[in-house]
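Listed here are the chains, written in short residue letters.
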Amino acid sequence: MFEKIKVSKYLAYLFLIIVSAIWAIPVLFGIVTSFRSQTEVVNEGFRLLPVNWIVENYVNILENTSTAPIMQWLWNSIFIATMHTLLVVVVISITGYGYSRMKFKGRDLLFFTLLGISFFPNVVNLIPSYKIIDILGWVNTPWAMIVPGLAGMGNIFLVRQFMKGIPMELDESARVDGASDFKIFSRIILPLIRPVLIVCGLFSFTGSWNDFLWPVIVYTDVNKMPVTAGLLLLQDVYGNYRMIGQLMGSAILAIIPTLLLFFFAQKYFVSAINLNSGIKG
Amino acid sequence: MKEHGKFAPLFFVGPHIILFIVFILIPSIYGIYASFTNWNLVGSPEWVGLDNYKTILANSDSTFYSQFFNGMKNTLIFVGLSVPLMIVIPLMIAVALEHKEVKFTSLFQTLIYIPGLVSISAAALIWSLIFNKQLGVVNNMFGSEQVWTATQPYAWITIIIITVWAGIGGNMIIYRAGINGVSKDLYESAEIDGAGPIRKFWNVTLPSIKFPLIYTMVMTTAGAFNVFAQPLMMTDGGPRQSTTVLMMYIRDLAFSHGESIAGVASAMAVMLGLVLLVISAIQYYIMNKNATT
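An unreviewed UniProt entry lists chain A under the name ABC transporter permease subunit, from Gracilibacillus thailandensis. Per its UniProt entry, chain A bears the Subcellular location (unreviewed entry) comment "Cell membrane". Recorded in UniProt under Sequence similarities (unreviewed entry), the annotation for chain A is "Belongs to the binding-protein-dependent transport system permease family."

Another point: the interface of chain B and chain A. With 92 residues of chain B at the interface, the matching set in chain A holds 100 residues. Taken over both partners, the interface formed by chain B and chain A buries close to 8500 Å², and the fraction arising from carbon and sulfur atoms is 80%. Joining chain B to chain A, the criterion identifies one salt bridge. With its nearest N and O atoms 3.7 Å apart, the salt bridge here joins Glu 101 of chain B to Lys 9 of chain A. At the junction of chain B and chain A, the tally comes to 12 residue pairs in polar contact (both at pLDDT 80 or more). Ranked by the residues each element gives to the side of chain B that touches chain A, the list is headed by helix α1 (residues 8–34) of chain B, at 20 residues. For the side of chain B that touches chain A, the per-class residue count stands at 68 nonpolar, 19 polar and five charged.

Okay, the pattern of salt bridges next. This structure, assessed with the given rule, holds nine salt bridges over all chains. Here Glu 191 of chain B ties to Lys 200 of chain B by a salt bridge, and the two come within 2.8 Å at their closest N and O atoms. On the basis of relative accessibility, which here comes to 29%, the residue Glu 191 of chain B falls in the partly exposed class. Through salt bridges with shared partners, a single network forms among Arg 107, Asp 108 and Arg 160 of chain A.

Moving on, we get to the packing of aromatic side chains. Tallied over the entire structure, the rule returns 26 aromatic pairs over all chains. Arranged with centres 5.4 Å apart and planes meeting at 20 degrees, the rings of Phe 36 of chain B and Trp 47 of chain B form a pair that is stacked. Of the two residues, Phe 36 of chain B is situated in the loop between α1 and α2 (51–58) and Trp 47 of chain B in the loop between α1 and α2; the sequence distance between them amounts to 11 residues. The rings of Tyr 30, Tyr 33, Phe 36, Trp 39, Trp 47 and Tyr 53 of chain B are connected pair by pair, giving a single aromatic cluster. Above the plane of the ring of Phe 111 of chain A lies Arg 160 of chain A, whose end atom (NZ or CZ) is 4.3 Å from the centre.

This paragraph deals with the UniProt feature "transmembrane region" (unreviewed entry) in chain A. Residues and elements named next belong to chain A. Annotation from UniProt places "transmembrane region" (unreviewed entry) at residues 12–32, 73–97, 109–130, 142–163, 184–205 and 243–265. Strand forms 0% of residues 73–97 and helix 100%; the C-alpha atoms that close the span are 36 Å apart. Within residues 243–265, the helical portion is 91% and the strand portion 0%, while the C-alpha atoms at the span's ends are 35 Å from each other.

Residue and element names in this part refer to chain B. By the secondary structure assignment, Ser 260 is in the loop between α13 (246–255) and α14 (262–292). Judged by its relative accessible area of 9%, Ser 260 falls in the buried class. A polar side-chain atom of Ser 260 sits 2.9 Å from the main-chain carbonyl oxygen of Ala 254. A polar atom in the side chain of Ser 260 sits 3.3 Å from the backbone nitrogen of Ala 262. Apart from residues lying up to four places away in sequence, Ser 260 is in contact with Trp 39, Asn 40, Leu 41, Leu 253 and Ala 254.

The subject of this paragraph is helix α10 (residues 181–192) of chain A. Look at α10 of chain A: 15 Å from first C-alpha to last across 12 residues, which is about the 16 Å you get at 1.5 Å a residue. Taken together, the buried residues of α10 of chain A touch α4 (70–101), α8 (154–164) and α9 (168–176) of chain A together with α1 of chain B.

So, about the environment of Ile 18 of chain B. Residues and elements named next belong to chain B. Among the secondary structure elements, Ile 18 is positioned in helix α1. A relative accessible area of 57% places Ile 18 in the exposed class. With 141 residues separating them along the chain, Ile 18 and Ile 159 place their C-alpha atoms 39 Å apart.

Here we come to unusual backbone geometry. That bond from Gln 152 of chain B to Pro 153 of chain B is cis: its omega, 5 degrees, falls within 30 degrees of zero. By the element assignment, Pro 153 of chain B lies in the loop between α6 (137–142) and α7 (154–167). The backbone of Asn 140 of chain A sits at a positive phi, close to 65 degrees, despite the residue not being glycine. Tracing the backbone shows Asn 140 of chain A in the loop between α6 (126–135) and α7 (143–146). Taking relative accessible area as the criterion, Asn 140 of chain A reaches 17% and is therefore assigned buried.

So, how was this worked out
Residues numbered from 1 in each chain as written. Chains lettered and ligands numbered in written order. Predicted model: local features only at pLDDT ≥ 70, side-chain atom pairs only at ≥ 80, totals over all residues. Heavy atoms only, no water. UniProt positions renumbered as here; feature names shortened; annotations may be inferred. Contact = heavy atoms within 4.5 Å. Buried area = accessible area lost by both parts, 1.4 Å probe. Salt bridge = Lys/Arg side-chain N within 4 Å of Asp/Glu carboxyl O. Polar contact = N/O pair within 3.5 Å; in protein donor to acceptor, adjacent residues only side chain to side chain. Helix = DSSP H or I, 4+ residues; strand = E, 2+ residues; numbered from the N terminus. Nonpolar A, V, L, I, M, F, W, Y, C, P; charged D, E, K, R; others polar. Buried < 20%, exposed > 50% of the residue type's maximum accessible area, 1.4 Å probe, protein only. Phe/Tyr/Trp six-rings, centres within 6.5 Å; stacked < 30°, edge-to-face > 60°. Lys NZ or Arg CZ within 6 Å of the ring centre and 35° of its normal. Expected span 1.5 Å × (residues − 1).

So this is what it looks like as structure tokens:
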């Protein structure tokens, strides 16, 4: 028995170490390569550490503000993801309140109808969504990425589910004291649903930041696009691996903001999914 | 006691309903409608009945026909290759992390989770270099001369590797939470019955995490059907369109620089959506049935 546990323990360690190494090495490789010169990469090939550490790649990246304005792209991404996240939090909290704390005719029927429709494969609405964005005059503006995602039902479902765990007596006693819905929402419910809002906010932020297909479609103006769409252009700008360091440096710059967010909010990222699977399970 | 006014609920759920109608309901209906028209994104669409569907499904002379079947085939290859790995690998990791004597679990988990936060285009730039013919890590390490992204089956292998690398973090955490929630008594009574680690996994762990498994399988499959970024950036659909997925054709037909062929593209999108719906339903049915019997 004792031996068995030991063997399985070493097997588990071995497996985890191999997987973590494979998972970490590409990012480290990207970082290291971004500090190597082109001649060094070409002549020396792959190395664990640069022969000479150089920062010219990053200087060049930052100086190229015409064909690859990466700081502009990063700023666009930050603006889009932040605005999107704030609006998501506002929309899902008031809508979740409506569907879980208020009484009106056909409430649950309405909710589950919308939820059912939202399961419809969204590839079908891709092309008309572009047309709608075009009609609204939002092509090549941040709104093209900020607003459409607010219509989703997934986060509202989570908030509604979370609110169901809050006793109704809280609302009722406040109502006896003459509090309006707005007051109950802002003073009682909102503080209590903070955990679920943080979780939904984090996932909205990273989801928006990493979205790829949609920005590739709605942005054609180099100065207006977010960094994910911009990186697609980089393959041509620094093309054919003539400027490897710049290519890697740009990829690393694009990763940094979400990584920072992860390290500051790590516990929420993990608790997040507990919440999610708690509901499903 | 003050009940809320008649219009108060409208204030709370109304704004979202408007968003829902404009950005989900109308585009979904219009997407189906457009598949029966010769829409070009600009003019007003003209009804053509089932013509688009006849073209992509039955007219073997048409390029749309070969694009549709090639794109659908490649999308299904991607789904078939990636989804099992995206379920099995994170499950193995979660089991290893929940081993009672394994330490540093949060370090391992962080290392494996981080690629999920890297945007797919940044990941593709790094991995393209790793697989680069002259300069890459893989060929340097193994002394091979392979042009990874331009030869099959290596083109698929690179696409699958980057997909698994970037995509397993979420599932891993869901499985960990599920395994964590399994009652310790179940394992103890299995141990008393003389069950080894493998039997404990099959008889206790797997049945207990049925819901997380169904959930991740359906969600991962749905995501895999929409695959677009990995083949676009890693292989650009090559070699000879053998990794061009349906989403790439849909985007090219609807949004390329020439005249948009949004009607045909919509018909392809509807077909892709239908296949996805059917497969999700089958998955749900089989998993649910197996788990209850």
